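# Topology and contacts: notes
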Amino acid sequence: MNTVTNVRLTTAVKSNASLYKQVEDAFSILSALDLVNHINVINRKKLTIRQLFQRDTTPLIVFESSGPKLYFTAETPIYFHLDTVKVKLQLMKQNKQPVLVEMVDYIAKDLPSFNFVDGTMGFGRDSYLILKTFKQATIYAIEQHPLIHYVISEGMKRYLDEETYKRIHFINDDYNKWVKRHPEVVDLLYLDKMFERTLDENDRMGELSKMTGTNQEIVSVSDYKYLIVKAHYKSQTFKNLKVTQCIRKSTKTHYGLKINHKRLGHQYSAKLK
Ligand SMILES: C[S@@+](CC[C@H](N)C(=O)[O-])C[C@H]1O[C@@H](n2cnc3c(N)ncnc32)[C@H](O)[C@@H]1O
């Protein structure tokens, strides 16, 4: 599902030349997208976000010094934030590996380089985690929604040095279509259909799920060497994608791994020896 949308752009109330420039840049980038219909640049004056939504409910991107924030409603902005990734990176220093890192490590620890295709970028936290943890990984972070893709990629850039930034490609597309067009790139495909709720950001994840739809049909994919799926433990996703669900009793978030032996050929046999 590719979403066509209109958008409004504005700055923080306390604006400056750099924020105006970011609005201009966003205008030219978003204008070039087929999925963005009409862009309206608005003068913020002293208006609150709530006031900006009173007569017009078109999605709004606000450029602030901390990065762009996307509002679908006046309440809850969507933007790149390190929140849970920071906690995970801290825990890793105490040798407590997040499940996703453990799984990727199992697959890729002996590989000099590999491509990690995140088919469902969302807030970009999993892409960021893999990018930071595996220096030999190139990340392809795919997000179907053009505005989410824009604010998260622009937001994440601010946290990356030049070298790390070269290892991540942000793509606005439906992963099903992209993966079919670039099968040779896809070593590891990661799909996260789960709109999990965490303590400090119930609202943002809720907002993302409302705006991107949780009930999309899962289309079967085959263009990968390894597939990792994250979903709610009751989700049909594991069954639909024929992925072995790894049962974790203490949590509702489950992961599944599938190995595509046809694509791996002799490489897989070598790994098993
Ligand atoms: C649960 S969120 C992913 C959260 C993400 N793993 C993170 O670390 O923040 C799912 C995201 O996948 C996107 N999405 C769903 N189906 C997609 C598809 N077919 N192609 C690309 N993106 C998709 C949704 O728009 C949403 O932003």
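Keep in mind that what you see is a predicted model, and the values were worked out from it rather than measured.

Cut-offs used in this document
Residues numbered from 1 in each chain as written. Predicted model: local features only at pLDDT ≥ 70, side-chain atom pairs only at ≥ 80, totals over all residues. Helix = DSSP H or I, 4+ residues; strand = E, 2+ residues; numbered from the N terminus. Buried ≥ 20, exposed ≤ 12 C-beta atoms within 10 Å, placed from the backbone. Pairing = 2+ DSSP bridges. Right-handed = clockwise from strand over helix to strand, strands pointing away. pLDDT = per-residue confidence, 0-100. Contact = placed C-beta atoms within 7 Å. Axes fitted to C-alpha atoms, helices over the stretch in contact; angles between N-to-C directions. Parallel < 35°, antiparallel > 145°, perpendicular 65-115°, else oblique. Left-handed = near helix turned anticlockwise from the far one by under 90°. Core = buried A, V, L, I, M, F, W, Y, C linked by C-beta atoms within 7 Å. Domains from an automatic or database assignment. Near = placed C-beta within 6 Å. Nonpolar A, V, L, I, M, F, W, Y, C, P; charged D, E, K, R; others polar. Expected span 1.5 Å × (residues − 1).

Right, let's get into the environment of tyrosine 150. Position of tyrosine 150 relative to the elements: it lies in helix 6 (residues 146-157). Judged by the 22 C-beta atoms lying within 10 Å of it, tyrosine 150 falls in the buried class. Taking C-alpha positions, tyrosine 150 is 9.4 Å from isoleucine 171, a pair spaced 21 residues apart along the chain.

As a further point, take unusual backbone geometry. For asparagine 95, which is not glycine, the phi torsion reads 65° and is therefore positive. As for its placement among the helices and strands, asparagine 95 is situated in the loop between helix 3 (83-93) and helix 4 (99-108). Judged by the 6 C-beta atoms lying within 10 Å of it, asparagine 95 falls in the exposed class. With a phi close to 55°, lysine 242 is a non-glycine residue in the positive phi region. Assignment of secondary structure puts lysine 242 in the loop between helix 10 (237-240) and strand 11 (244-246).

Take the pairing of strand 6 (residues 114-118) next. Note on strand geometry: in a regular strand, side chains alternate between the two faces of the sheet. Most of strand 6 sits out of view: four of its five residues are buried. As paired strands, strand 6 and strand 7 (residues 137-143) are joined by five bridges and run parallel to one another. Across the sheet, residue asparagine 115 finds its bridge partner in strand 7, namely threonine 138. Where the polypeptide runs from strand 6 across helix 5 (residues 125-133) and back to strand 7, its parallel neighbour, the crossover connection is right-handed.

Residues with a pLDDT of 70 or more make up 89% of the protein chain, whose mean pLDDT is 89. In this model, residues 197-201 is a region of pLDDT below 50 whose contacts with residues beyond four sequence positions or in other chains number five contacts. Low confidence marks residues 268-273, where pLDDT is under 50. Its contacts with residues over four positions away, or in another chain, come to two contacts.

A packed helix pair is summarised by two numbers, namely the angle formed by the two axes and the spacing between the axes. Viewed as axis vectors pointing N to C, helix 4 and helix 5 meet at an angle of 50°, and their least axial separation amounts to 11 Å. Considering the angle they form, helix 4 stands oblique to helix 5. Between helix 4 and helix 5 lies a crossing whose hand is right-handed. Contacts between helix 4 and helix 5 involve Leu100, Val101 and Val104 from the former and Asp126, Leu129, Ile130 and Thr133 from the latter.

Strand pairing in a sheet relies on backbone hydrogen bonds, with the paired strands running either antiparallel or parallel. Spatially, the seven strands line up as an open sheet ordered 8-7-6-9-10-12-11, and their pairing is mixed. Both edges of this open sheet fall to strand 8 (168-172) and strand 11, since each of them pairs with a single strand only. Mean inter-strand twist for the sheet, computed between neighbouring axes without regard to direction, equals 20°. Along the sheet, helix 5 makes contact with strand 6, strand 7, strand 8 and strand 9 (188-192), crossing strand 7 at roughly 175°.

A few words on the nonpolar core. Membership of the largest hydrophobic core comes to 58 residues, with the highest contact counts inside it found for Ile61, Val117, Val151, Leu188 and Leu189. Looking at this core, the element that brings in the most residues is helix 6, giving six residues. Counting contributing residues, this core receives three or more from each of domain 1 (5-75) and domain 2 (83-272). Setting aside chain neighbours within four positions, we find valine 117 in contact with Tyr140, Ile142, Val179, Val185, Val186, Leu188, Leu189 and Tyr190.

Strand order in the open sheet made by the five strands is 2-1-3-4-5, with mixed pairing throughout. The sheet is open, and its two edges are formed by strand 2 (36-41) and strand 5 (77-78), each paired on a single side. Helix 1 (residues 17-31) contacts strand 1 (5-11), strand 2 and strand 3 (60-64) of the sheet and is inclined by roughly 165° relative to strand 1. Across the sheet, helix 6 lies against strand 1, strand 2, strand 3, strand 4 (67-71) and strand 5, angled at about 155° from strand 4, the strand it touches most.

Of all residues adjacent to the ligand, which total 21 residues, the nearest are Thr120, Gly122, Phe123, Gln144 and Thr212. Sorting the residues of the shell around the ligand by element identifies helix 5, strand 7, helix 8 (175-181) and helix 9 (202-212) as the ones contributing at least two each. Within the shell around the ligand, the residues separate by chemical class into seven nonpolar, nine polar and five charged.

Positionally, glutamine 245 belongs in strand 11. A C-alpha to C-alpha distance of 4.3 Å links glutamine 245 and glycine 256, two positions eleven residues apart in sequence. Apart from residues lying up to four places away in sequence, glutamine 245 is in contact with Phe238, His254 and Gly256.

A word on helix 6. Over its twelve residues, helix 6 runs 16 Å from end to end, which matches the ideal 16 Å to within 8%, given 1.5 Å per residue. By the criterion of burial, helix 6 is predominantly enclosed, with eleven of the twelve residues buried. Buried residues of helix 6: Pro146, Leu147, Ile148, His149, Tyr150, Val151, Ile152, Ser153, Glu154, Gly155 and Met156, and no others.

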